[in-house]
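# Coordinate analysis (summary)
Okay, here's what each chain looks like letter by letter:
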Amino acid sequence: MKKCFCFLLIVMAMTLAGAQNAPYNQAYNWPWKWEGNAIVTSIPDRPSGQRHALGLRAPKMETVRVAFVGLGMRGPDAVERFTHIPGTEIVALCDYEKERAENCQKILARVGRNAAAIYYGEQGYEDLCKRDDVDLVYIATDWHHHFLVAKCALENGKHVAIEVPSAMTLTECWTLVDLVEKTRLHCMILENCCYDQFELNTLNMAQQGLFGEVVRVQGAYIHTLDEYWMAYWKNGQSDKLGWRLRYNKEFRGDLYPTHGLGPVAQLLNIHRGDRMETLVAMDTRSFRGKDLVKQYSGEDCVDFQNGDHTTTLIRTALGKVIEIQHNVMTPQPYNRLYQLTGTKGFANKYPISGYAIDTKAVGEKLKVHYDDLSGHSFMSEEQRAALETEYESPILKEYYEKAKQVGGHGGMDYIMDARLVYCLRNGLPLDMDVYDLAEWCCLAELGYLSLSNGFAPVAVPDFTRGHWQDVKGYTHAY
Ligand SMILES: NC(=O)c1ccc[n+]([C@@H]2O[C@H](COP(=O)([O-])OP(=O)(O)OC[C@H]3O[C@@H](n4cnc5c(N)ncnc54)[C@H](O)[C@@H]3O)[C@@H](O)[C@H]2O)c1
């Protein structure tokens, strides 16, 4: 390690604390130290001979042969979506529960696709990864298995796409970065919210300068999971909580940051000209969690780790601010915020969606002319419709009609999968690379470090290790 911080005592203490609490051998135990009043985590040296993977391209493939691992609530919808994507072959289906894997054969049979090979059990994915007729392993397991399956697949020469959050700890983030740089295989975070209609159109408007300089953005995952807690997979009869509630019980910090952070990171060209530099997190105490544990397990709980509402503030190298929120506990309308403040305009998706643009400041860039727009209030629905037509994202133009038919969160899931297949078939860089994955997922452990150290500032590591300015601006490859 370049900066081999020998703060062994801190690391050992954290490892022990983590190990006691960790349900699934995952722990916040990455080395760190104080530098002045800030926490700085260790940045491992790039092994000699290893290159960065920005703009990574893999050889074109005529057909993408895909294997699915994790077929609970989310996975089967992905199988279904892939049956609508040309140039794909579904080779294998895998779940811990044999029946869940076998059930997905019906999806294939319905559309006349060949039956897939079935794998099951705790380690079924290992044999699946050894097959020589699989190009892509698509992972939608519980959070513990994301990394284990991805690592196995990459080590066996497969591209991977991982549901969110794709990595739970800094150890997992850095290991995936190194594996991709070493193997030259893709590892994509399946952040579907980057493909929602409002987000794609707004990204296009921002890239064309409609909002001036984007100075501040917000994103969130605010979604009470009361209806879902007991629907998540349980590892045997003694598991009363299911994996998702258990993760919230055991881990503090924003565990699900990527729906909020992904789309706004693209607005700010993160690791494509700017980078997240410093983070500070603040959470409420846990009020509801212990009651949920009591309700579902019958056991008293005194140490529920995850606060009801966690807020993370991040400052970038270019002096922009990102605010990310997480709340899966309290009843309130579903909300991903998605707010953009620019020097010439403003966009907001939740809870009220609309655009406000200062016409005079934007000038000729605003092809839809409305002289009375000042930026003081949202434009009318009619004005907004004209704006969205004028600035419709090229991605939506190409995929939205079919996406609406196929469905999946209003079509965004289909667009994400279709783009992944398109880029693989054409040997193009994917829309989201392993550095996006690491940057968006690292908020959990970094946030924990801030929260558990008096809400201290924490340096966000540069996962590109010095190359965050090489690429100029975020683009979708064609
Ligand atoms: N992007 C989105 O909008 C979105 C929406 C829902 C869920 N998700 C993500 O999708 C993932 C799955 O969520 P879910 O709601 O389907 O959860 P789930 O609990 O319903 O399904 C998880 C599945 O993983 C399987 N599994 C466990 N261990 C396994 C192993 N060793 N090998 C193979 N399979 C194994 C379980 O049997 C279960 O079927 C999670 O990461 C979640 O965060 C994303």
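A quick note: this is a predicted structure, and the numbers were derived from the prediction, not measured. (Residues numbered from 1 in each chain as written. Predicted model: local features only at pLDDT ≥ 70, side-chain atom pairs only at ≥ 80, totals over all residues.)

Helix and strand counts for the protein chain come out as 17 helices and 16 strands. Compactness check: the protein chain gives a C-alpha radius of gyration of 22 Å against a globular reference of 23 Å for 478 residues, within 12% of the reference. When its C-alpha atoms are laid out on the principal axes, the protein chain stretches across 65 × 60 × 50 Å. Residue burial in the protein chain is summarised as follows: out of 478 residues, 49% are buried. Considering only residue pairs separated by 6 or more positions, the protein chain has 73% of its internal contacts joining residues 24 or more positions apart. (Helix = DSSP H or I, 4+ residues; strand = E, 2+ residues; numbered from the N terminus. Rg over C-alpha atoms; globule rule 2.2 N^0.38 Å. Buried ≥ 20, exposed ≤ 12 C-beta atoms within 10 Å, placed from the backbone. Contact = placed C-beta atoms within 7 Å.)

What follows concerns unusual backbone geometry. A negative phi holds for most residues other than glycine; trans holds for most peptide bonds. Cis geometry is adopted by the peptide bond preceding P165, which originates at V164 and carries an omega value of -10 degrees. Residue placement: P165 occurs in the loop between β7 (159-162) and α7 (170-183). In this structure, the amide linkage connecting Y350 to the following residue, P351, adopts the cis form with an omega of -5 degrees. The residue P351 is located in the loop between β14 (345-348) and β15 (354-357) in this model.

By the criterion of burial, strand β9 (residues 214-222) is predominantly enclosed, with 7 of the 9 residues buried. With 4 bridges joining them, β9 and strand β13 (residues 339-342) adopt antiparallel strand pairing. Its bridge partner lying in β13, V217 is registered against L340. Pairing geometry for β9 and strand β12 (residues 321-327), over 7 bridges, is parallel. (Pairing = 2+ DSSP bridges.)

This next bit is on the site of the ligand. What surrounds the ligand is a group of 26 residues, the closest being G72, R74, Y96, E163 and W233. Among the secondary structure elements, those contributing two or more residues to the shell around the ligand are β4 (88-95), α5 (124-130) and α6 (143-155). For the shell around the ligand, the per-class residue count stands at 11 nonpolar, 8 polar and 7 charged. (Near = placed C-beta within 6 Å. Nonpolar A, V, L, I, M, F, W, Y, C, P; charged D, E, K, R; others polar.)

Below, the discussion takes up the confidence of the model for the protein chain. Counting all residues, the mean pLDDT for the protein chain is 93, and 92% of those residues have values of 70 or more. Per-element mean pLDDT across the protein chain ranges from 39 in helix α1 (residues 8-21) up to 99 in strand β6 (residues 136-139). Within the model, pLDDT remains below 50 along residues 1-23, and this stretch shows 28 contacts once partners closer than five positions in the same chain are excluded. (pLDDT = per-residue confidence, 0-100.)

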